[in-house]
Amino acid sequence: MADLIDLRSDTVTRPTAEMRAAMAAAEVGDDVYGEDPTVNLLEKRAAEVFGREAAMFVPTGTMGNQIAIRLHTQPGQEVLCESRSHILDWEMATAAVFSGCLIRVVPAEGGILTWKHIEPALREGGSFHAPTGLIEIENTANMAGGVVTPLPVLEEIWANAKERKLAVHLDGARIFNASTALGVDVKTLTRGFDTVMFCLSKGLGAPVGSMLTGSAELIARARIFRKALGGGMRQAGVLAAAGLIALEQMPARLHEDHANARLLAEALYHMDGVSIDLDSVVTNIVIFRLTGQLSAANLVAQLKARGVLASALGPDTVRLVTHYDVDRAACVRAAEVLTEETEAARVA
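Chemist: Quick question: what am I supposed to make of the sheet that holds strand 9 (residues 274–275) here?
Modeler: Backbone hydrogen bonds are what pair the strands of a sheet, in a parallel or an antiparallel way. Sheet architecture is open: four strands sit in the order 9-10-13-12, paired in antiparallel fashion. Only two strands of the sheet have a single neighbouring strand rather than two, namely strand 9 and strand 12 (311–312). As defined by bridge partners, strand 9 adjoins strand 10 (residues 285–290) across two bridges and the pair is classed as antiparallel. Paired with Ser-275 across the bridge in strand 10 is Arg-289. Its contacts with the sheet put helix 12 (residues 254–269) on strand 9, strand 10 and strand 13 (317–321), and the angle it makes with strand 10 is roughly 15°.

In structure tokens, the structure reads:
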């Protein structure tokens, strides 16, 4: 495994040596009782970084998102999101099971949801329609290729949602990537959301965990829902210790992942039989389409045989994700292998 160039996801990152040492030395207690000092410190720092009253450590981003949906909605309401959102396709229909809500999808060109897209899809309820209970934004947008929603677009959504007394939740699994790409700090970039979930275990490199931030009242209620979902952990400080390092140190290096993704994208742009929108590659995700006879599954299999791991998203679509464990040299090598395999398919 050490020789593989793993571009399947930024979830595959392994903890740094400093994280491992901190985990071994972590001061711990029972977090369900609120007595784990390392978890408490992580939650305090997350709230400070995002300018919120409180934060809560959860095992996964999915749990954080689903708790937020439960906080903001009532059974029989709709959650409005973009058509490629994580809460729709990758969270096991939990909004229906846990919150009794329907996901209302709104397709947006390029994956960036704006108020122009949102407003026509809003419903007030009545005799025939389920009312909108929550607007959900994903920034960056994973399945749209890691594109970033700019601050002015968010500000318009926040203002109009507030006017209509609608809550807005951010799936900010990769919000630090968005912050890096835009040059806007996460506190400013998320200030209008009622709740924000962000992952420690993707580009920030921690082995486990995400955070949910919001008001003190919301996070107090969130702890009840975390327990209901089985997320009440005991001596979780061994995980929070790595999370603290992820939060404090790892955002500063995300620009390296973005540069490596751009390298891959530009190489793909010049390959025959490949279609890619270069303008969409602004963070650490590269999605491209195969236009010839080569299928995504076959290309992924051929890449794996040569030590490069990628993800097939469909019959002709492939995703690459750069991260801490794949350096510049590895990305150059991956680009060479991609070039050779796509060329071999073209002349076959």
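Chemist: Just to check I follow, could you spell out the side chain of Thr-73 for this structure?
Modeler: Among the secondary structure elements, Thr-73 is positioned in the loop between helix 3 (61–72) and strand 3 (78–82). You can call Thr-73 buried: its relative accessible area is 6%. One polar contact links the side chain of Thr-73 to the main-chain carbonyl oxygen of Ile-69, over a distance of 2.6 Å. Sequence-distant contacts of Thr-73, that is, excluding residues within four places in its chain, are made with Val-79, Ser-99, Cys-101, Gly-133 and Leu-134.

Chemist: Just checking my understanding: could you explain the pairing of strand 3 for this structure?
Modeler: Remark: a regular strand shows side chains that alternate across the two faces of the sheet. Of all five residues in strand 3, five are buried, a share of seventy percent or more. Here five bridges tie strand 3 to strand 4 (residues 102–106), and the two strands are oriented parallel to one another. The partner of Cys-81 across the bridge, within strand 4, is Val-105.

Procedures and definitions
- Residues numbered from 1 in each chain as written.
- Predicted model: local features only at pLDDT ≥ 70, side-chain atom pairs only at ≥ 80, totals over all residues.
- Heavy atoms only, no water.
- Pairing = 2+ DSSP bridges.
- Helix = DSSP H or I, 4+ residues; strand = E, 2+ residues; numbered from the N terminus.
- Contact = heavy atoms within 4.5 Å.
- Axes fitted to C-alpha atoms, helices over the stretch in contact; angles between N-to-C directions.
- Buried < 20%, exposed > 50% of the residue type's maximum accessible area, 1.4 Å probe, protein only.
- Polar contact = N/O pair within 3.5 Å; in protein donor to acceptor, adjacent residues only side chain to side chain.

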